[in-house]
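# A closer look at the structure
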Amino acid sequence: MSEDRHPLFIPLILVGGVIFGFGLGFSHMARPEVVLDFLQFEDLGLPFVMFGAAIVSGIAFAVLPRIRDRAPLTGSRYERRLKPFDRNVLIGGAIFGVGWGLSGICPGAAYASLGIGNVTILWALAGMFVGAYLQGYWRS
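Under an unreviewed UniProt entry, the name given to the protein chain is DUF6691 family protein, and the source organism is Halobellus rarus.

What follows is the structure in structure tokens.
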């Protein structure tokens, strides 16, 4: 662990992940059927969950730098980290979108789906790991 991080950094990340997973499970967003129904415009509950999360995050990103100059757990300064928008972003986004549509789940919700007993999601998780490995191998 980094010297400048708060000792509760890792435990709080774990707690945040558990709360996120319970939220996905409780809202039924960890079920691939819900995602596939959204992609076919049959169930529009998913965009409300996504927009709600985006609004909370947007408010936090706008307000926190005005309250504090450094992140409480890492001690690093709040700053924008702009990444270039290039061909790799487009290709990666397309691959992610195809995988999301085929599996019916995004990576974060896949773990929550496994937690609610969806064992067949292991195929999608395996595909995500293989894709991440291939991307790392290709970029190195």
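This part takes up a nonpolar patch on the surface. There is a patch of nonpolar side chains on the surface, built from F51, I55, I59, V63, L64 and I67 and spanning about 590 Å² of accessible area. The exposure class of I67 is exposed, given its relative accessible area of 60%.

Quick look at the side chain of N118 now. Following the sequence through the fold, N118 ends up in the loop between helix 5 (107-115) and helix 6 (121-139). In terms of polar contacts, N118 uses its side chain to reach the side chain of T120, at 2.8 Å. Non-local contacts of N118, meaning those with residues more than four positions away in its chain, are made with P32 and S113.

Looking now at the packing of helix 1 (residues 9-26) against helix 5. Packing of helix 1 against helix 5 leaves a shortest axis separation of 9 Å and a crossing angle of 75°. In terms of orientation, helix 1 lies roughly perpendicular with respect to helix 5. Residues F20, G21 and L24 of helix 1 form the contact with helix 5, whose participating residues are G108, A109 and A112. When grouped by side-chain class, the residues that make up the contact of helix 1 with helix 5 number four nonpolar, two polar and no charged.

Parameters at a glance
- Residues numbered from 1 in each chain as written.
- Predicted model: local features only at pLDDT ≥ 70, side-chain atom pairs only at ≥ 80, totals over all residues.
- Heavy atoms only, no water.
- Patch = residues over 30% accessible without salt bridge, like charges linked within 9 Å, V, L, I, M, F, W, Y side chains within 5 Å.
- Areas by Shrake-Rupley, 256 points an atom, 1.4 Å probe, with all protein chains shown as cover.
- Salt bridge = Lys/Arg side-chain N within 4 Å of Asp/Glu carboxyl O.
- Buried < 20%, exposed > 50% of the residue type's maximum accessible area, 1.4 Å probe, protein only.
- Helix = DSSP H or I, 4+ residues; strand = E, 2+ residues; numbered from the N terminus.
- Polar contact = N/O pair within 3.5 Å; in protein donor to acceptor, adjacent residues only side chain to side chain.
- Contact = heavy atoms within 4.5 Å.
- Axes fitted to C-alpha atoms, helices over the stretch in contact; angles between N-to-C directions.
- Parallel < 35°, antiparallel > 145°, perpendicular 65-115°, else oblique.
- Nonpolar A, V, L, I, M, F, W, Y, C, P; charged D, E, K, R; others polar.

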